[in-house]
There are 2 protein chains.
Amino acid sequence: MFRIGDLAAQAGVSTRALRYYEEKGLLAAVRSTSGQRYYPESATERVRTIQHLYSAGLFSQGVATLLPCVDAQETSPEALAVLRTERERIDQQIRDLTATRNRLDEVIVIATVPGHCAAAPEVAPHATSR
Amino acid sequence: MFRIGDLAAQAGVSTRALRYYEEKGLLAAVRSTSGQRYYPESATERVRTIQHLYSAGLFSQGVATLLPCVDAQETSPEALAVLRTERERIDQQIRDLTATRNRLDEVIVIATVPGHCAAAPEVAPHATSR
DNA sequence: CTAAAACTTGACGCTGACGTCAAGGGCAAG
DNA sequence: CTTGCCCTTGACGTCAGCGTCAAGTTTTAG
């Protein structure tokens, strides 16, 4: 059983974040008689999952809905709808990011390759160096 | 030459956003003697570019640095560093998002396919229905 | 000319995931 | 027992990209 500081160190987040997750119903903790939080080993993994979902653009509400599915394999029909919606959103986001990345790559190539040619891709026919 | 309301409608953003972009040095406007803003046709495209960069996770400062490169093909060495840093960040973000999407897909499959089997992928050998 | 619509600057509000004090309580070591 | 670190709740602060209201000016339509 970890104390909050240990879990924070393990998972690489702040104790404030962990209390915030509890407040949002994302992360439960066993309390000692004096009120101190204790977490099982599995909490580390759960915190990482929470972080992933957050960084995928979900809000606390969405994370709260999807967490039971992701780690307990229990999927309510309501959650399934959220799953599909979020999946689509993430997929779209990936497409947008890929497009933006390609544009940046183009700019980088133009900036680094001296003899650049905007209109013609100028790809080597069938044999590149190495 | 568009007025601010026209440009907002064309680009699908608010007038507030356009003034904000100007404040951040992302979008210049010609001013009439009375102070009203006028934008060239090309502003529509520029606004879309700004939106793309924002949605890729850049802050105003980063957008301001990269904009001259993206639309004028002038890349300072300072900007090139930002380009590469942001490109890496976006690339990492794409990898993270893809991983998260795959996890969601897994949950969706488990939730929708009745006879699910966690350990074995159970892919049909070489002939699926339809 | 006049009224409505669109524009101006200025400034405060909002949202979300925390950061950061503040003021106190708990607990193992010497 | 006391020192010192870790914990508790509570509450206000932050940051970024705008939303929104206010009060006044300008442009456009009839």
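Predicted model only: the values in this text are computed from it and were never measured.

Criteria and thresholds
Residues numbered from 1 in each chain as written. Chains lettered and ligands numbered in written order. Predicted model: local features only at pLDDT ≥ 70, side-chain atom pairs only at ≥ 80, totals over all residues. Heavy atoms only, no water. Near = heavy atom within 4 Å. Polar contact = N/O pair within 3.5 Å; in protein donor to acceptor, adjacent residues only side chain to side chain. Helix = DSSP H or I, 4+ residues; strand = E, 2+ residues; numbered from the N terminus. Nonpolar A, V, L, I, M, F, W, Y, C, P; charged D, E, K, R; others polar. Least-squares fit on C-alpha atoms with pLDDT ≥ 70 in both. Contact = heavy atoms within 4.5 Å.

All right, on to the protein's contact with DNA strand C then. The full set close to DNA strand C counts 20 residues, and A:Ser14, A:Ser60, B:Gly5, B:Arg19 and B:Arg37 are the nearest of them. Taken together, the sugar and phosphate atoms account for 73% of what DNA strand C places within 4 Å of the protein. Between DNA strand C and the protein, one listed contact pairs a phosphate oxygen with a backbone N or O atom of B:Gly5 at 2.7 Å. B:Arg37 places a side-chain nitrogen or oxygen 2.7 Å from a phosphate oxygen of DNA strand C. Top element by residues in the surface near DNA strand C is helix α2 (residues 15-23) of chain A. It accounts for four residues. Of the residues that constitute the surface near DNA strand C, the class distribution is seven nonpolar, seven polar and six charged.

It is worth spelling out the relation of the copies chain B and chain A at this point. Note on the identical chains: chain B maps onto chain A by a rotation of 179° and an axial translation of 0.0 Å, with an RMSD of 0.1 Å. Taken together, the turn and the small shift mark the pair as related by a two-fold rotation axis. Measuring from the rotation axis to each C-alpha of chain B, the shortest distance belongs to B:Ile94, at 2.9 Å. Looking at chain B, 100% of its interface residues are interface residues in chain A too, so the copies touch through the same face.

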